[in-house]
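Here is what each chain is made of, one letter per residue.
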Amino acid sequence: MKILVPVKRVVDYNVKVRVKSAGTGVDIANVKMSMNPFDEIAVEEAVRLKEKGVVTEVIAVSCGVAQCQETLRTAMAIGADRAILVETPADLDLQPLAVAKLLKALVDKEQPGLVILGKQAIDDDANQTGQMLAALADLPQATFASKVEIAGQNGEARAKVTREIDGGLETLEVSLPAVVTTDLRLNEPRYVTLPNIMKAKKKPLETVKPADLGVDVSPRLKTLKVAEPAKRGAGVKVADVAALVEKLKNEAKVI
């Protein structure tokens, strides 16, 4: 069984992002970029399934600019067997629906038994791609996975997925192929060693264009304005509890 693992190149989570002066977006010039943390968890889980003998091949996929090759090399250093880059122009705003359509085309081509990806990217926080892919490919889905188990039942492979919900845990069982999105508690990604980084450079990385897959990636949404959140005001000392209650009643603001 093959596993397809989409990964996204995003601004590193340790970087403090700055809004462009024109308010058109976030300034990513000369900032550190890395793999989306949720996608890194997805790669780790796919590799662990391979190490258990459940999976035969792990394919990492990324959609974006040529520099996404670095992200794919990181995925292969973790343990992915090969990678596919769907290269798009640097000035293109690649939105979740377009990514889902590209992934659907790759699912049709590669016929994986499972697609596992992060529940959301830390740049746009959309939490849409996995669900859109499942809808477009007409596949069962299990989101926010904190535990994934693959087993056969009556000659049919199935995935048992435990997910966190309000007030507890929910366990779903889906037939394969399926789409699973990962949560933070699923695993802790391994440290990438230098020998594995060197090995990753020799693993195959295929580059295709959206046109090769027959997908229109034109943006459907337009960002009108991006602004930084309001700065938090300074604290105020009050003389007693009565004054505090009075302040809360008359000057309380929604944060």
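Anything mentioned here points back to the structure above.
Residues numbered from 1 in each chain as written. Predicted model: local features only at pLDDT ≥ 70, side-chain atom pairs only at ≥ 80, totals over all residues. Heavy atoms only, no water.

What to know about the overall build of the chain
When you go through the chain residue by residue, the secondary structure sums to six helices and 13 strands. Taking all 255 residues of the chain together, the buried fraction comes to 40%. Sequence separation of 24 or more characterises 70% of the internal contacts of the chain that already satisfy a separation of 6 or more. Total accessible area computed for the chain in this model is approximately 14,900 Å², and 52% of it derives from carbon and sulfur atoms. Side chains of the chain carry 36 positive and 34 negative charges; the gap between the two charge centres is 4 Å. (Helix = DSSP H or I, 4+ residues; strand = E, 2+ residues; numbered from the N terminus. Buried < 20%, exposed > 50% of the residue type's maximum accessible area, 1.4 Å probe, protein only. Contact = heavy atoms within 4.5 Å. Areas by Shrake-Rupley, 256 points an atom, 1.4 Å probe, with all protein chains shown as cover. Lys, Arg positive; Asp, Glu negative; His and termini not counted. Charge placed at Lys NZ, Arg CZ, Asp CG, Glu CD.)

Thoughts on empty space enclosed by the protein
Counted by the stated rule, this structure contains one cavity of 30 Å³ or more. In this structure, the largest cavity occupies an estimated 60 Å³ of space. Every residue along the wall of the largest cavity is listed here: D93, Q95, L97, A98, K101, D216, V217, S218, P219 and R220. Partitioning the lining of the largest cavity into residue classes produces four nonpolar, two polar and four charged. (1 Å grid on protein atoms, 1.4 Å probe; cavity = no way out; pocket = protein on both sides within 12 Å on 5 of 7 lines; lining within 4 Å. Points joined across faces, edges and corners; volume = space filled by probe spheres on them. Nonpolar A, V, L, I, M, F, W, Y, C, P; charged D, E, K, R; others polar.)

Quick look at the pairing of strand β7 (residues 82-87)
Of all six residues that make up β7, five are buried, and the element is covered over most of its length. The sheet contact formed by strand β6 (residues 57-64) and β7 spans six bridges and is parallel. Following the sheet pairing, C63 is matched in β7 by V86. For the crossover that starts at β6, traverses helix α2 (residues 68-78) and ends in the parallel β7, the hand is right-handed. Bridge count for β7 against strand β13 (residues 205-208) is four bridges, and the pairing is parallel. The residue bridging A83 from the neighbouring strand is L205, located in β13. (Pairing = 2+ DSSP bridges. Right-handed = clockwise from strand over helix to strand, strands pointing away.)

Overview of the nonpolar core
Counting residues in hydrophobic clusters, the biggest one holds 37 residues, and the most contacted among them are I3, V5, V43, L114 and V180. For I3, the contacting residues outside a window of four places in its chain are A46, L49, V55, E57, V58, I59, P112, L114 and I116. (Core = buried A, V, L, I, M, F, W, Y, C linked by side-chain atoms within 4.5 Å.)

Topic: the packing of aromatic side chains
All told, the structure shown has zero aromatic pairs when counted by the stated rule. Seen from the ring of F144, K119 lies directly overhead, with NZ or CZ sitting 5.3 Å from the centre. (Phe/Tyr/Trp six-rings, centres within 6.5 Å; stacked < 30°, edge-to-face > 60°. Lys NZ or Arg CZ within 6 Å of the ring centre and 35° of its normal.)

Brief notes about the environment of K203
With respect to the secondary-structure elements, K203 resides in the loop between α5 (194-200) and β13. For the pair K203 and A80, spaced 123 residues apart in sequence, the C-alpha to C-alpha distance is 8.9 Å. Setting aside chain neighbours within four positions, we find K203 in contact with R73, M76, G79, A80 and D81. Side-chain polar atoms of K203 contact the backbone oxygen of A80, separated by 2.9 Å. (Polar contact = N/O pair within 3.5 Å; in protein donor to acceptor, adjacent residues only side chain to side chain.)

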